[in-house]
Amino acid sequence: MSLILDDVTLTYPDGDGRLTALDRVRLEVPSGTLTAVVGPSGSGKSSLLAVAATLIRPDSGRVCVGGTPTGELSAAERAVLRRRNIGIVFQQPNLLPSLTAAEQLEVMARLDGRRAAAGRARELLAAVGLADQAHRRPHQLSGGQRQRVNIARALMNEPSVLLVDEPTSALDHERGAAVLDLLTHLTHDRATATVLVTHDRAHLEAADAVHEMRDGRLTVLTA
Ligand SMILES: Nc1ncnc2c1ncn2[C@@H]1O[C@H](COP(=O)(O)OP(=O)(O)OP(=O)(O)O)[C@@H](O)[C@H]1O
């Protein structure tokens, strides 16, 4: 199931006027593909992710997540959609300090009222190369390992859409490349529609499509 943004405009209050953060943005990310979004600071990349995540409602246009149009949903319905259909990976992992890697994942399933989370948590930790680290707490893991737990956690509820913001900014080149490789594989294996915001040009080779954001406008660089 894909992610579709159709003619999306978002403005913020700015003094007496409004600042246009997203200007008639169109983006379609088919399931099982990764779209990278590049662009200078302040161009609207985080706003794009926030709208795609249904955290911010645009002024106009449509956002469709995994086949569900989100425009008419209440805040509570959007929260359920986010929990079930959208995985979000931010720059910093924000793991809970007192929980083991496995528990970080299990808690996501419990929030959604699901049982039998332990098996899926084990399977996902293995998929991100952390099968033997499941019992460790965040301070016992490296930066790259923490980001892997973060990615596995985002996939816990089998989202159709995966939104990733600068996942390698805290990692050295080699670990960053490994995390990118992992994201590409997971996108294909788990058929997520993945959007990756990145500053790192080295990431673009792995992408199925590359878009550039400038002053709120999104253009296709390669597809
Ligand atoms: N809550 C807000 N209120 C007002 N203006 C905002 C708000 N959030 C962002 N902006 C403005 O909207 C524009 C787009 O910001 P956004 O954070 O989406 O850019 P970005 O490309 O993600 O930048 P960076 O790469 O630095 O994170 C910027 O001009 C920013 O100052």
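Looking up the protein in an unreviewed UniProt entry gives the name ABC transporter ATP-binding protein, with the organism given as Streptomyces anandii.

(A) Summary view of unusual backbone geometry. Its identity is not glycine, yet Asp7 carries a phi of approximately 60 degrees, on the positive side. With respect to the secondary-structure elements, Asp7 resides in strand β1 (residues 3-14). Of note, Arg24 is a non-glycine position whose phi angle comes to about 50 degrees, a positive value. As for its placement among the helices and strands, Arg24 is situated in strand β2 (residues 17-29).

(B) Structural context of the site of the ligand. Residues in contact with the ligand, as listed here, are Tyr12, Leu19, Ala21, Gly39, Ser41, Gly42, Ser43, Gly44, Lys45, Ser46 and Ser47. Taken together, the elements giving at least two residues each to the shell around the ligand come down to β2 and α1 (45-52). Of all the elements, α1 adds the most residues to the shell around the ligand, at three residues. A class-by-class count of the residues in the shell around the ligand yields three nonpolar, seven polar and one charged.

(C) Examining α1 more closely. With respect to burial, α1 is a largely interior element, seven of its eight residues being buried. Within α1, burial applies to Lys45, Ser47, Leu48, Leu49, Ala50, Val51 and Ala52. In the segment just after α1, Thr54 is the residue with positive phi, at about 60 degrees.

(D) Region of the structure containing the sheet that holds β2. Across the sheet, four strands lie side by side as β2-β1-β4-β5; this open sheet has antiparallel pairing. A single partner strand is all that each edge strand has here, and the edge strands are β2 and β5 (68-69). Here β1 pairs with strand β4 (residues 60-65) via five bridges, running antiparallel. Along β4, the bridge assignment pairs Leu3 with Val65. Strands in contact with α1 are β1, β2 and β4; relative to β1, the strand with the most contacts, it is inclined by about 120 degrees.

Calculation criteria
- Residues numbered from 1 in each chain as written.
- Predicted model: local features only at pLDDT ≥ 70, side-chain atom pairs only at ≥ 80, totals over all residues.
- Helix = DSSP H or I, 4+ residues; strand = E, 2+ residues; numbered from the N terminus.
- Near = placed C-beta within 6 Å.
- Nonpolar A, V, L, I, M, F, W, Y, C, P; charged D, E, K, R; others polar.
- Buried ≥ 20, exposed ≤ 12 C-beta atoms within 10 Å, placed from the backbone.
- Pairing = 2+ DSSP bridges.
- Contact = placed C-beta atoms within 7 Å.
- Axes fitted to C-alpha atoms, helices over the stretch in contact; angles between N-to-C directions.

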